[in-house]
Amino acid sequence: MDTLVALAIFLGVFTVIFKGMIDRHSAVLYGAIAMILVGALSGFYSFSDAIDAIYFETLALIFGMSAISSLLARSGVFAHLADRAARSSGGNAFWLLLVFSLLTYALSLTINNLATMVVLLPVTLATCRRMKINPIPVLIAEIVSSNLGGASTMVGDFPNMIIASAAQLSFLDFIGGMMVPCLVLLTAALLFFQSRRHELRVVPSGPVEDDDQDDWELPRIDQFRLRLGLMTLGLAILGFLMADALQIRPGWIALMAGVIAAAGARFGNDEIAEACGVSDIQFFAGLFILVGGLVAAGVPDGFSSAIYAIAGDSEAGRLLVMMWTAAGSTIFLNAGPSTALFVSLAPGLVADVQDPTVWWALSLGVQAGSSAALTGATAGAVAATQLSAYLRDHPDMLAHMPEGRTLDFKEFLRWGLPLMGIFLLLSSLYVLLII
């Protein structure tokens, strides 16, 4: 009975989020409160259990890397990099997609991938309009590249931050285990987009329109914020590399670097909370409490039993089933919640709990799912919202897009599902090679 009640609360929370009935932060907060109350009354989950379920290192990583990312983003340097990338395209539509994808991947390695997308989107849309390019493939390529960049390192996205805390992995562990497969997947993704490059041009190309000066105004680079941001990012990365020698977990190093960044960044009172990722911290704290309730009620045991029933005694089979299942759940739950759900059952699928292969399988599965659908990664929803707003201000851009199409759930699936299949097949080969 406790299992069914806990599962009903969890599924109820993400059902209302998926249907857009309430914002995700409020839904998770109310769900966490409900889980604690029901758990306390039933005796399977106490308030102290809820506190123990929170990965405080993950919250520290979110705070630190959000503050550093916001500082660099507000310096204006990313916008200048994006503008130079756009100018290098020389009017070639696929070259623009390629350059923006590589830039997005590179920035997402150390800067939060969502922050990277927020900064690049305005430049991308303005450039696509001037070059008369269909923006949908470019935006999807950027979202996929941001997912892959974030999955390549410990600090690029929220799922890997959760995995790092749960598995006590280091910065170099992620570089060694995730960088190469993600680069292979990035190559496969770019080849996929190259095969569909004809969809970048709905109408014949014309002259690049540079006369709309109000369309995109390049911000001035704030040299102080740029220097401080690069310094704190450098200190954080150096700390991550020396974490084992210093015997300090990466989360607390990120927290210290983030405090320096936030203290010196001169954020306004109205932007300090957003800059430091307070809403994300609240969301993941509530999420960990929700998942802790599921664990206390025995829900992950049921998932583990199902995986064992499907894969039997084959450890490789169990990892592949988990990876594909995590990809499917990510489409509906989003990357962070899906990871939080699976980290509790992942260690039980391998004989050697010190073997990190199980964590790479989970990370790759979540990454594949987050690239499959608009709901898989928060960057997808942000891109769709910005495109809709841009089209309202610039309706002439509709002439460069297929009639009746926009960046919605159905259109993203048309690109994302084949990519997810490619990613999962290549990731499965990688897992089989290293296990």
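No experiment lies behind these values; they were computed from the predicted model shown.

A. Looking closely at helix α7 (residues 113-131). With 19 residues, α7 ought to run about 27 Å at 1.5 Å a step, and its terminal C-alpha atoms sit 26 Å apart, in line with that. If you look at α7, its biggest bend is around 35°, right at Leu120, and the proline Pro122 turns up within four residues after that. When you tally the buried positions in α7, you get 17 out of 19 residues, the bulk of the element. Taking the backbone nitrogen of Leu114 as reference, a side-chain oxygen 2.9 Å away marks Asn112 as the first, capping residue of α7. Just downstream of α7, Lys132 is the residue with a positive phi angle, here 60°.

B. Molecular detail of the pattern of salt bridges. Scanning the entire structure with this criterion turns up 11 salt bridges. Its salt-bridge partner being Arg405, residue Glu199 comes within 3.8 Å of it at the nearest N-O pair. On the criterion of sequence distance, the pair formed by Glu199 in the loop between α10 (171-195) and α11 (223-241) and Arg405 in the loop between α20 (378-393) and α21 (409-434) is long-range, its members being 206 residues apart. With relative accessibility at 33%, the residue Arg405 sits in the partly exposed group. Residue Asp222 is joined to Arg266 by a salt bridge in which the shortest nitrogen-to-oxygen separation is 4.0 Å. Taken together, the residues Asp222 in the loop between α10 and α11 and Arg266 in the loop between α13 (250-264) and α14 (272-275) connect sequence positions 44 residues apart. Classification of Arg266 as exposed rests on a relative accessible area of 54%. A cluster of three or more residues bridged by salt bridges with shared partners is formed by Glu199, Arg405, Glu411 and Arg414.

C. Local environment of the side chain of Asn147. Summarising the element assignment, Asn147 is placed in helix α8 (residues 135-152). Polar side-chain contacts of Asn147 include one of 3.3 Å to the backbone oxygen of Ser370. Setting aside chain neighbours within four positions, we find Asn147 in contact with Asn113, Asp157, Gln367, Ser370, Ser371 and Ala377.

D. Here's a closer look at the environment of Leu120. Its location among the elements puts Leu120 in helix α7. When the C-alpha positions of Leu120 and Asn269 are compared, they lie 25 Å apart, and in sequence the two are 149 residues distant. In this structure, Leu120 is in contact with Phe78, Ala82, Leu103, Thr104 and Leu107, ignoring residues within four places of it in sequence.

Calculation criteria
Residues numbered from 1 in each chain as written. Predicted model: local features only at pLDDT ≥ 70, side-chain atom pairs only at ≥ 80, totals over all residues. Heavy atoms only, no water. Helix = DSSP H or I, 4+ residues; strand = E, 2+ residues; numbered from the N terminus. Expected span 1.5 Å × (residues − 1). Bend = angle between axes of the 7 residues up to and from the residue. Buried < 20%, exposed > 50% of the residue type's maximum accessible area, 1.4 Å probe, protein only. Polar contact = N/O pair within 3.5 Å; in protein donor to acceptor, adjacent residues only side chain to side chain. Salt bridge = Lys/Arg side-chain N within 4 Å of Asp/Glu carboxyl O. Contact = heavy atoms within 4.5 Å.

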